[in-house]
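Structural features, examined
If you want the building blocks of each chain, they are given just below.
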Amino acid sequence: MGVEIRVDGLTKAFGRQVIWEDVSLTLPSGEISVLLGPSGTGKSVFLKTLVGLLRPDAGGIWIEGQDLTRLTEHKLYEVRKLFGVLFQDGALFGSMNLYDNIAFPLREHTRKSEAAIRDNVLEKMEMVGLSGEGGKLPGEISGGMRKRAGLARALVLEPEIVLFDEPDSGLDPVRTALINQLIVDLNAKTGATFLIVTHDINTARTVPDNIGMLFRRELVMFGPREMLLSSTEPAVRQFLNARTQGPIGMSEEKDISELEAEVALGHDPGHLPPIPPQLLPSDRRLRASQHPPGEWCMANGVLPPEGSFVDDEGRDWTREWPRYVQAASLGAAGYYGPGDHR
Ligand SMILES: Nc1ncnc2c1ncn2[C@@H]1O[C@H](COP(=O)(O)OP(=O)(O)O)[C@@H](O)[C@H]1O
Ligand SMILES: [Mg+2]
């Protein structure tokens, strides 16, 4: 399960306003990738372009040997079935209950019987923790529940690729942690390729296998999580470490004079904070696309910041890893992961 998506030299403009240009990246099959960027940098436009709701001005989007940007509407309609999309607000139909909302893509795109639809919908509702809530209307539930319902709907067609537009926006920290865990668990279960758009730094630091960052109309960097979290590129470092000093200002981009003033003041960019251990599936198994902690740093001769891969209990996950893998392969329950408390 899961397919690779290769984006090559993609450019999107509305009239004379260039949103981003020459974006190239590969979302590896089955892996979780995050796209970060200040608001207004065109993250939502990027997702809409990937699914073919917007046409790019240049470049290609390659999936299974086909360039999506060259397909006819009819063929595009077929390819879209590979995608499940969780839109920013859940995009549920307000007059339909949750069950009918989640069943909607099945009724629209398949000829399945109502009995088969019911099995699928109930399974997905259980996956996202909404069992028994099918009769409720979107207006009667919390924002977090609406996101989970949107997620269940994004999953009913068993997509190979799932795109999430800010699944964590508007949620409190506890609900954000819960939805992040849910995303990791769903990736473990489905093996689909995930792309999550967010501006939550904690999500970007702990959830994905890969991170990309959009800034000033370009993709500044895209690569393994450890590569970006150990990067000293100014915009990447500032954003991933939530610093006020750096090229990104309140008005999204500081002007040149402000930047020069900061340099003149000799601001110490400081040390990079430790790379946290990656969030693991709650059933303590391995995702098919799981990379061992420290793998990228080791392979690239990068010394990770002091204290990296150490959890709240002081365990160093580069050392813990072989034991975890062994326990996971035995299906051993009760193994404690990062963030667990005994
Ligand atoms: N359909 C559209 N027509 C014209 N401009 C658009 C359209 N959609 C988005 N934009 C513009 O593209 C820019 C990026 O928007 P968006 O992708 O929503 O940013 P983000 O999701 O990163 O916050 C904004 O300036 C927005 O006004
Ligand atoms: Mg957006």
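Next up on the list: the overall build of the chain. For the chain, the count of helices and strands is twelve helices and ten strands. When the 342 residues of the chain are sorted by exposure, 37% land in the buried category. Contacts in the chain between residues far apart in sequence, at least 24 positions, make up 68% of those at least 6 positions apart.

Bringing the site of ligand 1 into the picture now. Phe 14, Ile 19, Gly 37, Ser 39, Gly 40, Thr 41, Gly 42, Lys 43, Ser 44 and Val 45 make up every residue found near ligand 1. With three residues, the top contributor of residues to the shell around ligand 1 is helix H1 (residues 43-50). In the shell around ligand 1, the residues fall into three nonpolar, six polar and one charged.

So, about the sheet that holds strand E9 (residues 210-215). Two modes of strand pairing occur in sheets, parallel and antiparallel, and in both the strands are linked by backbone hydrogen bonds. Here we have six strands laid out as an open sheet, ordered E6-E7-E8-E3-E9-E10, and mixed in their pairing. Each end of this open sheet is capped by a strand with a single partner; those strands are strand E6 (83-86) and strand E10 (218-224). Pairs of neighbouring strands in the sheet enclose a mean axial angle of 15°, with direction left out of account. Bridge count between E6 and strand E7 (residues 161-165): four bridges; the pairing is parallel. For Phe 83, the partnering residue across the bridge sits in E7 and is Ile 161. Strand contacts of H1: strand E3 (32-36), E7, strand E8 (193-198) and E9, with the helix running at about 155° to E7, the strand carrying the most contacts.

Attention shifts here to helix H5 (residues 143-155). Helix length check: H5, at 13 residues, gives a terminal C-alpha distance of 19 Å against a target of 18 Å (1.5 Å per residue), a fit within 8%. Burial analysis of H5 places ten of its 13 residues in the buried class, the great majority of the element. Among the residues of H5, those classed as buried are Gly 144, Lys 147, Arg 148, Ala 149, Gly 150, Leu 151, Ala 152, Arg 153, Ala 154 and Leu 155. Looking at the buried residues of H5, the elements they touch are E6, helix H3 (98-109), helix H4 (114-127), E7 and helix H6 (173-190).

With that settled, consider the sheet that holds strand E1 (residues 5-14). Judged by pairing direction, the sheet is antiparallel, and its four strands sit side by side in the order E2-E1-E4-E5 without closing on themselves. Whereas interior strands pair on both sides, the edge strands pair on one side only; in this sheet they are strand E2 (17-27) and strand E5 (66-67). With seven bridges connecting them, E1 and E2 associate as antiparallel partners. In the strand pairing of E2, Lys 12 is matched with Trp 20.

This part takes up the pairing of E9. Most of E9 sits inside the fold, with six of its six residues counted as buried. Alternating positions in E9 separate into two faces, Asn 210, Gly 212 and Leu 214 on one and Ile 211, Met 213 and Phe 215 on the other, with burial throughout. As paired elements, E3 and E9 share four bridges and run parallel to each other. Along E9, the bridge assignment pairs Ser 33 with Asn 210. When E9 meets E10, the two strands line up antiparallel, connected through six bridges.

Glancing now at the pairing of E3. With five of five residues buried, E3 lies mostly within the body of the structure. Where E3 and E8 come together, five bridges link them in parallel fashion. By the bridge assignment for E8, Val 34 is matched with Ile 196.

A few words on helix H12 (residues 317-329). Over its 13 residues, H12 runs 17 Å from end to end, which matches the ideal 18 Å to within 8%, given 1.5 Å per residue. Along H12, the sharpest kink reaches roughly 25°, centred on Arg 323.

Okay, the environment of Gly 134 next. Within the secondary structure, Gly 134 is located in the loop between H4 and H5. We classify Gly 134 as partly exposed; it has 19 C-beta atoms within 10 Å. Remark: the alpha-carbon pair of Gly 134 and Val 121, spanning 13 residues in sequence, is separated by 9.3 Å. Here Gly 134 is in contact with Asn 97, Leu 98, Tyr 99 and Met 125, once residues within four sequence places are set aside.

Conventions we followed
Residues numbered from 1 in each chain as written. Chains lettered and ligands numbered in written order. Predicted model: local features only at pLDDT ≥ 70, side-chain atom pairs only at ≥ 80, totals over all residues. Helix = DSSP H or I, 4+ residues; strand = E, 2+ residues; numbered from the N terminus. Buried ≥ 20, exposed ≤ 12 C-beta atoms within 10 Å, placed from the backbone. Contact = placed C-beta atoms within 7 Å. Near = placed C-beta within 6 Å. Nonpolar A, V, L, I, M, F, W, Y, C, P; charged D, E, K, R; others polar. Pairing = 2+ DSSP bridges. Axes fitted to C-alpha atoms, helices over the stretch in contact; angles between N-to-C directions. Expected span 1.5 Å × (residues − 1). Bend = angle between axes of the 7 residues up to and from the residue.

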